[in-house]
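# Structural characterization, general
Residue-level listing of the chains:
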Amino acid sequence: MQENVDNTKKSGITRRFFMGWGLAIVIGMASLAFFLLTVLRMPFPFLLPGKSGRFKIGTMADLPPGRTKYFEDDQVYVFSDQDGIFAISAVCTHLGCIVSKDDNGFVCPCHGSRYNLEGKLEKGPAPKDLPWYSVSRLPNGQLIVDKKKSVKPGVKFI
Ligand code: FES
């Protein structure tokens, strides 16, 4: 009976010893694996390059005066009137919600900012007007909006 108690006590110390070292080894291996994965991942960008900012909107024939088109993927409204074609951002200048167009201009559904039909800010909290983007034509007649080129409000492609 006495021997049996001693064996349990002896094996308990051994088990505790190996449990402690085993846990340390597992944590060490996990840390090393995490470190190696982080180092191996470094040459690759976390963010993929964005789009060029340029997109096709059709030809002049596709945009007769009085036409409005919304390009959802690029979040831009394109308008055509008697003076030409122009593009206005649909991204609210407050926190980036997408504005919707109504008869009087644009309204932001998030916090109620309002812009007139030319994107000029009428009511905050948005801090500034909606930007206008450059519209140009390729040699094949295709019209292009370039979101990386802002133009002054009122500048239209003729
Ligand atoms: S995001 Fe448009 S008003 Fe706040």
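The rules behind the values
Residues numbered from 1 in each chain as written. Predicted model: local features only at pLDDT ≥ 70, side-chain atom pairs only at ≥ 80, totals over all residues. Heavy atoms only, no water. Core = buried A, V, L, I, M, F, W, Y, C linked by side-chain atoms within 4.5 Å. Buried < 20%, exposed > 50% of the residue type's maximum accessible area, 1.4 Å probe, protein only. Helix = DSSP H or I, 4+ residues; strand = E, 2+ residues; numbered from the N terminus. Pairing = 2+ DSSP bridges. Axes fitted to C-alpha atoms, helices over the stretch in contact; angles between N-to-C directions. Contact = heavy atoms within 4.5 Å.

So, on to the nonpolar core. With 14 residues, the main nonpolar core has Ile88, Val99, Phe106 and Tyr115 as its most contacted residues. Going through the elements one at a time, strand S3 (76–81) and strand S4 (84–89) are the ones with two or more residues in this core. Leu63, Ile85, Tyr133 and Phe157 belong to the second largest nonpolar core, which has 13 residues in total.

Before going further, it helps to examine the sheet that holds strand S5 (residues 100–102). Pairing is antiparallel across the open sheet formed by 4 strands, whose spatial order is S5-S6-S7-S8. Bordering the open sheet on either side are S5 and strand S8 (121–123), each of which pairs with just one other strand. As paired elements, strand S6 (residues 105–107) and strand S7 (residues 114–115) share 2 bridges and run antiparallel to each other. Bridge pairing in S7 places Val107 opposite Arg114.

Further remarks concern the sheet that holds S4. Read across the sheet, 6 strands follow the order S1-S10-S9-S4-S3-S2 without closing on themselves; strand pairing throughout is antiparallel. Each edge of the open sheet carries a strand with a single partner, namely strand S1 (54–58) and strand S2 (68–71). Each adjacent strand pair in this sheet contributes to an overall mean axis angle of 30°, direction not counted. In terms of strand pairing, S3 meets S4 through 6 bridges, oriented antiparallel. If you follow Val78 over to S4, its bridge partner there is Ala87.

A few words now on the side chain of Thr93. The residue Thr93 is located in the loop between S4 and S5 in this model. With a relative accessible area of 17%, Thr93 lands in the buried category. Not counting residues up to four positions away in its chain, the partners in contact with Thr93 are Tyr115, Ala126, Pro127, Lys128, Asp129, Leu130 and Pro131.

This brings us to unusual backbone geometry. Working note: non-glycine residues mostly have negative phi, and peptide bonds are mostly trans. The omega torsion across Gly124 and Pro125 is 20°, close enough to zero to call that bond cis. Here Pro125 lies in the loop between S8 and strand S9 (132–137). Backbone geometry at Gln75 places phi at a positive 55°, although glycine is not the residue there. Relative to the helices and strands, Gln75 resides in the loop between S2 and S3. Judged by its relative accessible area of 31%, Gln75 falls in the partly exposed class.

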